[in-house]
Amino acid sequence: MTTPFQALSAHHAATQPRTIAALFGDAGRAEAFSARHGEMLFDFSKTDLDATALALLLDLATTRDVAGRRAAMFAGEKINETEGRAVLHTALRNLDATVMVEGRDVMPEVRATLSRCADFARDVRAGRFIGQGGAITDVVNIGIGGSDLGPAMATLALAPFHDGPRVHFVSNVDGAHIHDVLHGLNPQTTLVIVASKTFTTIETMTNADTAKAWMAKAVANPAAQFAAVSTAADKTAAYGIDAARVFGFEDWVGGRYSMWGPIGLSLMLAVGPEDFQEFLNGGSDMDRHFRTAPFAQNLPVLLALVGIWHNQICGHATRAVLPYDQRLSRLPAYLQQLEMESNGKGVSMDGGDLPYHSGPVVWGEPGTNGQHAFYQLIHQGTRVVPCEFLVARQGHEPELAHQHLLLVSNCLAQSEALMRGRSLDEARALMAKKGLTGAELERQARHRVFPGNRPSTTLAYPQLTPFTLGQIIALYEHRVFVEGVILGINSYDQWGVELGKELALALQPILEGRQPASGKDGSTQQLVAYLRG
């Protein structure tokens, strides 16, 4: 019996000679291979998907019971099976809902925690909560992974909405990071947020200790200017942080999905509780669309199916995320974690080996910067890199509308160039116009050939607002979920990060000279000897 994956692979092989550009012989292709939600447009017509492939992919989503797993997630079932946990980051933004976990409605506590965060943010922003030298001017969020990437990305994205204290982020245990962030700040007017669910994350707590020591040089009680996002009340109390400034969240919220709750406190301090609520509203809006729209018009499902087609069927191992929106410059890094930590697995839900490749390598930079860096490889390199463009219809600077127009022009031109390419005959004609002839014309022309037929999608939206950002992040969260269900993996654990942590703890006393390196391999022994000096 032919499986859906086999049918898709056979169809792909049979249609290889055809180009993406040729598919536009159908005048209705752009509309047929696009989907809209509200004012958001997802155009996937510049891929080599045809009606048969799309139908097979939609059938694959049905066969793999995406709808059933979706219902189980929103119902609070323990779909994170390896850790025995529900997956309910959506509850942090669906504030009017009733969500039951093990017979208990968790929403009253969610709403209460959000209210506490909002009250604290208002107090800081209004100068009611002050430092030991006056009103808070700067906030330093110390976290790593999901406790850093999400709020750091979102705070940058929503820069036009900042009207609170300046917000900074420290994640790397490299002392250079916290040194450079703290340099120039006033410890008497700085608030430090330590974001660690267990309050034991070694990188975070090392940086927190450094910040506390820095602050202690200038204030009598540094802990009075600390807040924590943590569930370890005993550890935060021992650190000297008042319980009123400690904000916890449940184990059914994974780190990389957590900025909708207290992990987003730094963002709330920057933009205010009202705009943070708009961010939640955008995420909730995408949740409703994901739950109710037919698969053929469902943006997260379609985004996931395009990803499955490019990676598992076409064999393209990477995916470039290219926001033509400078304020989304951290989105590729955020999606690296969201997708690669979620779906970078080699074992299926039943414990067996995965019979196909799992998630792709996700990378990217904002346009137009990338055009002057790696687009050379995307256009003329030997490997095909599917591209995902994001672009707003309108910027936030009306006086610079001409620059936004240039930005959008570049975005559309890149997706068109990837698809169309430039033939050898076209390149020859171009060189002939420059006066070249003979062998030199031929040599120069070959360097100007673009293979084309390289796939891309475009997500277009009116303007990057808190609501729109919420939609975009929820869209990609659900995309990861759908891909994980189709691949048969658990998208909500991350055991792959554990081994390196364990080995790092064992190496520290060796580097300090307290233990010998004799049990290590030759390479590690050599590196230890060199780095110890």
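Heads up: the structure comes first, above all this text.
Calculation criteria
Residues numbered from 1 in each chain as written. Predicted model: local features only at pLDDT ≥ 70, side-chain atom pairs only at ≥ 80, totals over all residues. Heavy atoms only, no water. Helix = DSSP H or I, 4+ residues; strand = E, 2+ residues; numbered from the N terminus. Rg over C-alpha atoms; globule rule 2.2 N^0.38 Å. Buried < 20%, exposed > 50% of the residue type's maximum accessible area, 1.4 Å probe, protein only. Contact = heavy atoms within 4.5 Å. Areas by Shrake-Rupley, 256 points an atom, 1.4 Å probe, with all protein chains shown as cover. Lys, Arg positive; Asp, Glu negative; His and termini not counted. Charge placed at Lys NZ, Arg CZ, Asp CG, Glu CD. Axes fitted to C-alpha atoms, helices over the stretch in contact; angles between N-to-C directions. Parallel < 35°, antiparallel > 145°, perpendicular 65-115°, else oblique. Expected span 1.5 Å × (residues − 1). Patch = residues over 30% accessible without salt bridge, like charges linked within 9 Å, V, L, I, M, F, W, Y side chains within 5 Å. Salt bridge = Lys/Arg side-chain N within 4 Å of Asp/Glu carboxyl O. Pairing = 2+ DSSP bridges. Core = buried A, V, L, I, M, F, W, Y, C linked by side-chain atoms within 4.5 Å. Phe/Tyr/Trp six-rings, centres within 6.5 Å; stacked < 30°, edge-to-face > 60°.

Participant: For this particular structure, what's the right way to read the overall build of the chain?
Facilitator: Helix and strand content of the chain: 21 helices and 15 strands. At 25 Å, the chain has a C-alpha radius of gyration in line with the 24 Å of a compact globule built from 533 residues. Within the chain, buried positions represent 51% of all 533 residues. The contacts in the chain between residues at least 6 apart in sequence include a share of 75% that link residues at least 24 apart. In the form shown here, the chain has an accessible surface area of approximately 23,400 Å², with 53% of it arising from carbon and sulfur atoms. Of the charged side chains in the chain, 45 are positive and 54 negative; the average position of the first set lies 4 Å away from that of the second.

Participant: Is there a simple way to explain the packing of helix H12 (residues 273-292) against helix H13 (residues 299-313) in this structure?
Facilitator: Axis separation between H12 and H13 bottoms out at 7 Å; the angle between their running directions is 75 degrees. The angle between H12 and H13 places the two elements in the roughly perpendicular class. Two secondary-structure elements touch here, H12 through Met286, His289 and Phe290 and H13 through Leu299, Pro300 and Val301.

Participant: Help me understand helix H20 (residues 498-511), please; the structure alone is not making it clear to me.
Facilitator: Because an α-helix completes one turn every 3.6 residues, residues spaced three or four positions apart along the sequence face the same direction. Here H20 contains 14 residues, and its C-alpha end-to-end distance of 20 Å stays within 8% of the 20 Å for a straight helix at 1.5 Å per residue. Looking one or two places after H20, you find Gly513, whose phi comes out positive at around 85 degrees.

Participant: Looking at this structure, how should I read a nonpolar patch on the surface?
Facilitator: Together, Leu511, Leu527, Tyr530 and Leu531 line one region of the surface with nonpolar side chains, adding up to about 480 Å² of accessible area. The element contributing the most residues to the nonpolar patch is helix H21 (residues 522-532), with three residues. With respect to the helices, strands and loops of the structure, Tyr530 is situated in helix H21.

Participant: Before we go on, may I ask you to explain the side chain of Lys46 in this structure?
Facilitator: Assignment of secondary structure puts Lys46 in the loop between strand E2 (40-43) and helix H4 (51-63). Within the buried core, Lys46 has no salt-bridge partner, and the shortest N-O distance to an opposite charge, that of Asp43, equals 5.1 Å. Apart from the residues within four sequence positions on either side, Lys46 is in contact with Ile20, Phe24, Ser415, Glu416, Met419, Arg454, Pro455 and Ser456.

Participant: Looking at this structure, I do not really get unusual backbone geometry. What am I missing?
Facilitator: What is expected of a backbone is that most residues other than glycine have negative phi and most peptide bonds are trans. For the bond from Gly367 to Thr368, the omega torsion is 10 degrees, close enough to zero to count as cis. With respect to the element layout, Thr368 can be found in the loop between strand E13 (361-363) and helix H15 (375-380). Even without a glycine there, the phi angle at Glu102 is positive, about 55 degrees. Structurally, Glu102 can be placed in the loop between strand E3 (100-101) and strand E4 (104-105). Since its relative accessible area comes to 65%, Glu102 is described here as exposed. Here the phi dihedral of Phe199 falls at roughly 60 degrees; this positive angle occurs in a residue that is not glycine.

Participant: Just to check I follow, could you spell out the pairing of strand E1 (residues 34-37) for this structure?
Facilitator: One face of the sheet, then the other: side chains in a regular strand alternate in exactly this way. Bridge count between E1 and E2: four bridges; the pairing is antiparallel. If you follow Arg36 over to E2, its bridge partner there is Leu41.

Participant: I would appreciate a short explanation of the sheet that holds strand E8 (residues 166-170) in the present structure.
Facilitator: Either a parallel or an antiparallel arrangement is found when strands of a sheet pair, and the pairing is made through backbone hydrogen bonds. Across the sheet, which stays open at both edges, the five strands sit in the order E8-E7-E9-E10-E11 with parallel pairing between neighbours. Lying at the two open borders of the sheet, with one neighbouring strand each, are E8 and strand E11 (246-247). Here two bridges tie strand E10 (residues 226-229) to E11, and the two strands are oriented parallel to one another. Bridge pairing in E11 places Val229 opposite Phe247. Packing of helix H8 (residues 175-182) onto the sheet brings it into contact with strand E7 (138-142) and E8, and relative to E8 it is tilted by some 165 degrees. On the sheet, helix H9 (residues 202-216) packs against E7, E8, strand E9 (190-195) and E10 and is oriented at approximately 160 degrees with respect to E9.

Participant: What is the right way to read the nonpolar core from this model?
Facilitator: Among soluble globular proteins, nonpolar side chains are generally buried collectively. One finds Trp252, Leu331, Tyr334, Leu469 and Ile486 to be the most contacted residues of the largest nonpolar core, which totals 111 residues. Ignoring sequence-local partners within four residues, the contact set of Trp252 consists of Ala86, Val87, Leu88, His89, Ala91, Leu92, Val101, Val106 and Val110. Counting 22 residues, the second largest nonpolar core, distinct from the first, contains Val170, Val181, Tyr239 and Val246.

Participant: Which parts of the structure should I look at to understand helix H7 (residues 149-157)?
Facilitator: Of all nine residues making up H7, eight are buried, and the element is well covered by its neighbours. Within the span of H7, buried status applies to Leu149, Gly150, Pro151, Ala152, Met153, Ala154, Thr155 and Ala157. Contacts made by the buried residues of H7 are with E8, helix H11 (265-271), helix H14 (331-343) and helix H19 (466-487).

Participant: Help me out: how do you make sense of the environment of Ala97 in this one?
Facilitator: By secondary structure assignment, the location of Ala97 is in the loop between helix H5 (66-74) and E3. The spatial distance from the C-alpha of Ala97 to the C-alpha of His379 is 47 Å, given a sequence separation of 282 residues. Beyond its immediate sequence surroundings of up to four residues, Ala97 is in contact with Met107 and Arg111.

Participant: What's the story with the packing of aromatic side chains in this structure? I'm lost.
Facilitator: Remark: the centre distance and the inter-plane angle together describe each pair of aromatic rings, the angle taken between the planes. Taken as a whole, this structure holds 15 aromatic pairs when the rule is applied. With centroids separated by 6.1 Å and ring planes inclined at 50 degrees, the aromatic side chains of Phe226 and Tyr239 adopt a geometry described as tilted. Of this pair, Phe226 sits in strand E10 while Tyr239 sits in the loop between helix H10 (233-238) and E11, and the two are 13 residues apart along the sequence. Looking at Tyr239, the relative accessible area reads 12%, which means it is buried. For the ring pair Tyr324 and Phe389, a centre distance of 5.9 Å and an interplane angle of 50 degrees mean the geometry is tilted. Remark: Phe389 occurs in strand E14 (residues 387-392) and Tyr324 occurs in strand E12 (residues 318-324); sequence separation between them is 65 residues.

Participant: Mind showing me how you'd approach the sheet that holds E13 here?
Facilitator: Taken in spatial order, the six strands of this open sheet run E1-E2-E15-E14-E12-E13, and their pairing is mixed. Each edge of the sheet is formed by a strand with only one pairing partner; in this case those strands are E1 and E13. In this sheet, neighbouring strand axes are inclined to one another by 15 degrees on average, regardless of whether the strands run parallel or antiparallel. Where E14 lies against strand E15 (residues 456-461), six bridges are found, and the strand directions are parallel. Counted as the bridge partner of Val391 is Ala460 from E15.

Participant: Sorry if this is basic, but what is going on with the environment of Gly488 here?
Facilitator: Relative to the assigned elements, Gly488 resides in the loop between H19 and H20. Along the primary structure Gly488 and Asn343 are separated by 145 residues, whereas in three dimensions their C-alpha atoms are 9.9 Å apart. If sequence neighbours within four positions are ignored, Gly488 has contacts with Arg64, Ser348, Met349 and Tyr356.

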